[in-house]
Structures are given as C-alpha cells and as structure tokens.
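# Structural characterization, general
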Amino acid sequence: MLPLQQFREFIAQHQLFAEGNKVLLAVSGGKDSVLMLHLFKAIGADVGVAHCNFNLRGDEAQRDENFVKILANTLGFPIYITQFDTKKYALEHKISTQMAARDLRYSWFEEIRAQHGYDFIALAQHQNDAVETVLINLVRGTGISGLHGIAPKRDRLIRPLLFLNRQQIDDLVILNDINFVEDSSNQLTNYTRNRLRLQVIPHLQAINPNLAQTFADNIQRFAEIESFLALEVANLSREIIDQREDGNYIKIAALKNLHPQKLLVFELLKPFGFSQHVTGEILSALEALSGTHFFSLSHQAIINRDYLIITRRAKENERNQFIHPTTAEINFADYEIGIHYTDRLQFASDAKRAFISTNDLIYPLVLRNWESGDKFIPLGMRKLKKVSDYFINEKVPLHIKHQIPLLINGNGEIIWIVGMRQDNRYKLTSATKKVVIFELKNY
C-alpha cells in the first residue's frame, strides 16, 4: 500500500504543484525514482518521464534505459530519453564526472520541460539524501544556507519524496512489489557522497537510529533561521548600502559597527558573489589604504576613503572588443559607441567624441580597460603621461577608472580615453582627407 495521504499532504504543505500542473519526473530506474513514478500514477497527476543515459556503466546503463522506457510505456506516460558522452564533457570543461553528469542532466531536464510545456521537474531525493548534503556542506565549509540541506521546492525543481527516508522507501518497494534496477556505482567509494553513505552515516546511525528524522527536524529549524536572517539582512542592506549609478557604496564605519560582524558582512556581500574567505580579507583590510581591491567572479570591491564601493566586473567578452572598418556601433560594458566616416574635415572640442584621420588607424582597433603602465599624450600636450596620473588629476574615483574603456590602435597606442580625452598623436591635421568619428552615445 502506497502512502498517498502523506504524499498529498507533503505536496500541499510545500505547495510543490497545483492541480492541472504538468510535472516531468526524472527517473533513473532505481528504487527512489520508480517509487516516485508509482506515487504520481496513483494520484492521477499529469506527468512525463525523463531518463538520462550517461554512458558510464556500459551494458548496465543501456539496461536502465530499456527498463525505464518499458515502465513508462506500461504506465501510459510520455517518455523522453537522451544519451550523453559524460567523460568527454568532463574533460572539455575540466570538471569531475559527477559534476559533468549533474550539469548535463539539469540542462536537459529544463530543455525538455520548456519544450513540452511541463510546469515542474520532480527529483526523487529523500531524507537521507538531505542528510548527506548537509554533511558534505559541513565538510567543505558552508554558510547558514548550507545547513538546510535540500529544499522541497526551488524554482521549477520539486522534491516530493523528502517526507520519506531510505528505510521507508526500501520497505515500500518490497511491500508493493515494485520492480527497479540497481545502479552498481552506488556501492563504489570513490565518490564523496557514496563514502558518506556507506562509511560515515552507518556510524552516526549507531549513535542515533532515528538520524534521518533528526536531521529533517534540524533542517527545518535551519531553514527558518535562514529565512529570519534573510529578512534581517534585507532590512540592513536597505539601511547601509547606498545604490548609486556608479556602484554600491557602504560606509566603512557602518561595517565596523555590525555585530556579529563576520556573519552579517558575509550575508550583505553574498549577492555580489564574495566568498567567506574574501569577506574575511575585506574585514581585515578596513583600515587599509584607498585603492585596495577585492574580487568575486562578478564584482569588485574597492576601499575608497570612507567607503567600500562595489561595482560589477567587466565580463570576459567585454575586456577586449575588436573594431573593424565595417563596425558601425559597439557596446563595451555600459558604454555605447557609434562610429561613422566623413570626407568633411571637422573637429569639435567635445570629450564625448574623438575625431581621427582614417590614415592613422591600424585595424583591428581594440576597446579595453585601463591597465597599469598605460600612457598617452593628452590632446594639446606634447609629453607622454601615465593614464593613472591623468585619472588622479581629473579626480576620477578609483572604482570608475577600472570601468572606463580605452580605444587602442593596432600599434598599441592609445587613441582615446573614451568620454574623456583624445591622444594628441591622433589629432586632425591639414593633411587629413577622411575622418572617422567615434561618439559616446549614452553618457
């Protein structure tokens, strides 16, 4: 007999999906996912079945694929199957086989969901999986968010078996005479999760036979603590983060007065991608000289006098943009530059425009950010000047100078500090026959 009442109550309690929603079930063929499939069948839900063959276990993987196909057809559900060259993907992306399989399956599940009109993707993770996830997070290092394990619902992913533990699933499979296939790799100890499951958790269960339920209760408490913390941090963020056009400003004095400081600063900076380690470095450097930088993958933080200023980092494809003779417009970070040619000899004293003789240009030109050691000859002057010194003279804030693009000629010389100053070597002369005008449009 299936626990349909508990199943329905868990779905309702966590609002996993509503009547009329279509749910795509991720079915490997193992006990957990097959039981989930039978539960959905029993409540009459509108579902489809998705199965991934990762080609990691030879004939066994093909056996799993055939089993799931027959099972879905027998139960009258649409079936979607794909095969991956997982090892090749792992090598190409320089990640573990497990991580490659994870990336591939989640990407494909979402593709099938969107293509065939499913509202949610159901994964057959249970309470013991949540225990393993919490332990993995603790071993690797985690914030409060790592202690709530696996959420029953996150965006379009739902986990409707989290009301059951491993032993309960085993018992239900036997009681209801449910057929399944066994993944032999589950017994291998070369994977972190398997080592925990096979070697660590049995010792913990010897101490607490009700380990899965204890963790489930703790996870619920951690989730509530995280929700409370999120509300407090949101209020704090509105109070001390000044969002301006050129970045997010936080008074260093405000950071110093926070308590508990490390926890709150980490939570404040987490949306900008800063790790706990980098957050610790920032806190240790609050008395540092202006200009000290810290980086996440997406942002940079700069200590500038009384403020910690956070700005978005240029994406990889924004750091070097090429300009060819046929280029009419180019976007670089938040800068939009138009390019047009004219036979009319003209010049205007306008920092938003650069007027260059076409004869002086060596294509392709490059747009890039300022680099240490860059020099140019400001228009109207005769000697080279460091761009960094020019920025200081112009009182350009530290966090802004790293965003301003430079237009570079094919010979490596700076043509124009975009929106600020043209290089004197590229001014128009009486010998100029054709002019190219670079115009900053959105500033």
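Refer to the preceding data block for the structure.
Residues numbered from 1 in each chain as written. Predicted model: local features only at pLDDT ≥ 70, side-chain atom pairs only at ≥ 80, totals over all residues. Heavy atoms only, no water.

It is worth spelling out the sheet that holds strand E16 (residues 365-369) at this point. Think of a sheet as strands paired side by side through backbone hydrogen bonds, with each pair either parallel or antiparallel. Sheet architecture is open: five strands sit in the order E12-E16-E19-E20-E21, paired in antiparallel fashion. Only two strands of the sheet have a single neighbouring strand rather than two, namely strand E12 (320-323) and strand E21 (421-422). Pairing analysis gives two bridges linking strand E20 (residues 414-417) to E21, with the strands arranged antiparallel. What sits directly across from Ile417, in E21, is Arg421. (Pairing = 2+ DSSP bridges. Helix = DSSP H or I, 4+ residues; strand = E, 2+ residues; numbered from the N terminus.)

On to the packing of aromatic side chains. Aromatic ring pairs are reported here in terms of the distance separating the ring centres and the angle at which the planes meet. Scanning the model with the defined rule gives twelve aromatic pairs in all. Note on Phe54 and Phe84: the rings are 5.8 Å apart at their centroids and 25 degrees apart in plane angle, and the pair reads as stacked. You can see Phe54 sitting in the loop between strand E2 (46-53) and helix H3 (59-75) and its partner Phe84 sitting in the loop between strand E3 (79-83) and helix H4 (86-93), a full 30 residues away along the chain. Relative to Tyr390, the ring of Phe376 has its centre 5.3 Å away and its plane inclined at 80 degrees; by these criteria the two rings are edge-to-face. (Phe/Tyr/Trp six-rings, centres within 6.5 Å; stacked < 30°, edge-to-face > 60°.)

Turning next to the pattern of salt bridges. Taken as a whole, this structure holds 16 salt bridges when the rule is applied. Its salt-bridge partner being Arg113, residue Glu110 comes within 2.8 Å of it at the nearest N-O pair. Taken together, the positions of Glu110 and Arg113, both in helix H5 (residues 97-116) and three residues apart, correspond to about one turn of that helix. According to the relative accessible area criterion, Arg113 is buried, its value standing at 10%. For Arg166, the salt bridge goes to Asp170, with nearest N and O atoms at 3.3 Å. (Salt bridge = Lys/Arg side-chain N within 4 Å of Asp/Glu carboxyl O. Buried < 20%, exposed > 50% of the residue type's maximum accessible area, 1.4 Å probe, protein only.)

Another aspect to go through is the pairing of strand E19 (residues 405-408). Looking along a regular strand, one sees side chains alternate from face to face of the sheet. Where burial is concerned, the two faces of E19 agree: the one with Pro405 and Leu407 and the one with Leu406 and Ile408 are both buried. Pairing geometry for E16 and E19, over four bridges, is antiparallel. Residue pairing across strands places Leu367 opposite Leu407, the latter belonging to E19. Remark: five residues form the turn of the hairpin made by E19 and E20, two consecutive strands paired antiparallel; Gly412 in that turn has positive phi of roughly 95 degrees.

In the contact formed by helix H9 (residues 211-240) and helix H11 (residues 261-269), the axes pass within 10 Å of each other and the chain directions differ by 75 degrees. Considering their axes alone, H9 and H11 lie roughly perpendicular with respect to each other. Across the interface between the two elements, Leu229, Val233, Leu236, Ser237 and Ile240 of H9 pack against Leu263, Leu264, Glu267 and Leu268 of H11. Split into classes, the residues belonging to the contact of H9 with H11 amount to seven nonpolar, one polar and one charged. (Axes fitted to C-alpha atoms, helices over the stretch in contact; angles between N-to-C directions. Parallel < 35°, antiparallel > 145°, perpendicular 65-115°, else oblique. Contact = heavy atoms within 4.5 Å. Nonpolar A, V, L, I, M, F, W, Y, C, P; charged D, E, K, R; others polar.)

The subject of this paragraph is unusual backbone geometry. For the peptide bond that leads from His259 to Pro260, omega is -5 degrees, which places it in the cis range. With respect to the secondary-structure elements, Pro260 resides in the loop between helix H10 (252-256) and H11. Residue Pro364 follows Tyr363 across a cis peptide bond; omega there is 0 degrees. Checked against the element boundaries, Pro364 lands in the loop between strand E15 (353-357) and E16. For Gln15, which is not glycine, the phi dihedral falls at a positive 50 degrees.

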